[in-house]
Amino acid sequence: MHNLLELQKRFINLRLGTFIHFNSATFQFHTGEIEDWEFDHENAGQPRRFPFAESDWNPTGLDCAQWAETARAANVRFAAFTAKHHEGFAAWPTKYSEHCVRNAANKTDVVAEYLNAFRSRKILAGLYFSILDLTAGINRRCYTEEQKRIIKGQITELLTQYGEIPFLMVDGWNSPWGGPTYEMLPFEEVDALVKSLQPDCLLLNIGCNDSLEHTDVVFYENGAGQEVADGFSGPGILCQKLTRTWFWRSDDPVTPPMPAEWAIQQMERYFPMNVNFMMNLSPNTKGTLDENLIREFERIGKMVHFPDALEKLPSNWMTRKPGC
């Protein structure tokens with residue numbers, strides 16, 4: 001077991017990561033105007049329009065090894081995979097919900113496949129988990145003891161059934177885009193659960209970009225407009241997408257992604273601030289990556305240069321408040 005400062009420093013020294021968005025939205029919204037999820041249902045009180053049938057989950061060519069090879073070609077050092085996004089579909093056979101791969105056309109445990117592929121290529125593999133769950137009705141207006149049991153049960157599955165998980169990214173929690181509040185589900189309660197299961201697992205709370213009070217690393221979803229303030233010295237992480245949306249779109253194969261030069265510019269800006277940079281990968285409905293995105297990741301790998309490892313913490317390095 002390491003102390004939090006040491007874990008933060010090790011994480012920041014990884015520098016470059018990839019964020020893999022592959023879940024029900026890949027199949028639901030690859031055409032049309034909806035980008036990633038039913039934002040209006042959670043944030044404007046609209047009725048649900050896009051329930052997802054488990055039988056529609058059928059990535060016929062699922063190839064997590066290809067994802068990992070693409071990440072390695074870009075010199076990526078860590079990765080996160082959307083085990084469950086806001087819609088609520090679990091990409092592993094959870095016992096806490098029927099809305100999972102166990103009832104899908106393709107019953108593959110994608111969490112296990114992803115972890116095995118990235119670990120075998122020496123890429124530190126973490127997981128993403130949405131606390132906001134539209135299918136289970138877990139949101140800012142509804143949060144019951146049974147729903148808490150689901151959240152804690154699924155987190156426990158992810159942190160006990162798949163070996164070491166270096167970090168867990170959580171989303172849809174006291175955030176502008178929905179989910180239970182900290183009054184409904186205290187940060188300390190979830191953090192204590194995570195640390196009791198895996199003491200060295202960092203809890204990264206997406207959208208918590210003002211302090212470390214509710215996260216182990218300050219998180220910026222730059223793809224949603226969040227920006228690092230001048231003078232920030234870490235520890236931070238920022239994610240961006242090279243394609244138009246986080247999840248795959250049917251026009252992605254013929255739409256040029258953001259160029260490698262742009263990605264390098266982001267790294268040059270954020271690495272000196274001790275902010276890691278995560279580039280999105282969006283597998284298609286087959287479960288594979290498009291060639292144009294693969295090529296751009298390969299170009300990035302030929303251009304990226306990492307700064308020297310952080311040995312001494314900056315004097316203004318952000319630290320957890322006492323008692324948090």
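Note: the structure precedes this text.
Residues numbered from 1 in each chain as written. Predicted model: local features only at pLDDT ≥ 70, side-chain atom pairs only at ≥ 80, totals over all residues. Heavy atoms only, no water.

1. Re the layout of surface pockets
Next up, step 1: The volume enclosed by the largest pocket comes to roughly 360 Å³.
Next up, step 2: Forming the boundary of the largest pocket are 20 residues, of which Asp36, Trp37, Glu221, Ala224 and Trp246 lie nearest the centre.
Next up, step 3: Within the lining of the largest pocket, the residues separate by chemical class into 11 nonpolar, 4 polar and 5 charged.
Next up, step 4: In this model, the second largest pocket occupies a volume close to 210 Å³.
Next up, step 5: Forming the boundary of the second largest pocket are His2, Leu7, Arg10, Phe11, Leu14, Leu124, Glu164, Pro166, Asp200 and Leu202.
Next up, step 6: When residues of the lining of the second largest pocket are assigned to their parent elements, the largest contribution, 3 residues, is made by helix α1 (residues 4-12). (1 Å grid on protein atoms, 1.4 Å probe; cavity = no way out; pocket = protein on both sides within 12 Å on 5 of 7 lines; lining within 4 Å. Points joined across faces, edges and corners; volume = space filled by probe spheres on them. Nonpolar A, V, L, I, M, F, W, Y, C, P; charged D, E, K, R; others polar. Helix = DSSP H or I, 4+ residues; strand = E, 2+ residues; numbered from the N terminus.)

2. Remarks on empty space enclosed by the protein
Next up, step 1: Within this structure, the stated rule accounts for 2 cavities of 30 Å³ or more.
Next up, step 2: Surrounding the largest cavity, Thr243, Trp248, Asp252, Ser282, Asp290, Asn292 and Leu293 form its lining.
Next up, step 3: For the lining of the largest cavity, the class distribution of residues is 2 nonpolar, 3 polar and 2 charged.
Next up, step 4: Looking at the second largest cavity, its volume works out to about 30 Å³.
Next up, step 5: In terms of lining, the second largest cavity is formed by Gln28, Phe29, Trp37, Glu38, Arg48, Phe50, His86, Glu87 and Leu134.
Next up, step 6: Residues belonging to the lining of the second largest cavity are distributed by class as follows: 4 nonpolar, 2 polar and 3 charged.

3. Points about unusual backbone geometry
Next up, step 1: Here the bond from Gly234 into Pro235 is cis, since omega is 0 degrees, no more than 30 degrees from zero.
Next up, step 2: For Pro235, the location among the structural elements is in the loop between β6 (218-221) and β7 (236-240).
Next up, step 3: With a phi angle near 65 degrees, Asn75 is a residue other than glycine that sits in the positive phi range.
Next up, step 4: Note on placement: Asn75 falls in the loop between α4 (64-73) and β2 (78-84).

4. A look at the packing of α4 against helix α5 (residues 110-120)
Next up, step 1: Look at α4 against α5: their axes get within 8 Å of each other, and the N-to-C directions meet at 40 degrees. Between α4 and α5, the angle is such that the two are oblique. You can see that α4 and α5 cross each other, and the crossing is right-handed. Contacts between α4 and α5 involve Cys64, Ala65, Trp67, Ala68 and Ala71 from the former and Val110, Glu113, Tyr114, Ala117 and Phe118 from the latter.
Next up, step 2: Class assignment of the residues belonging to the contact of α4 with α5 gives a composition of 9 nonpolar, no polar and 1 charged. (Axes fitted to C-alpha atoms, helices over the stretch in contact; angles between N-to-C directions. Parallel < 35°, antiparallel > 145°, perpendicular 65-115°, else oblique. Left-handed = near helix turned anticlockwise from the far one by under 90°. Contact = heavy atoms within 4.5 Å.)

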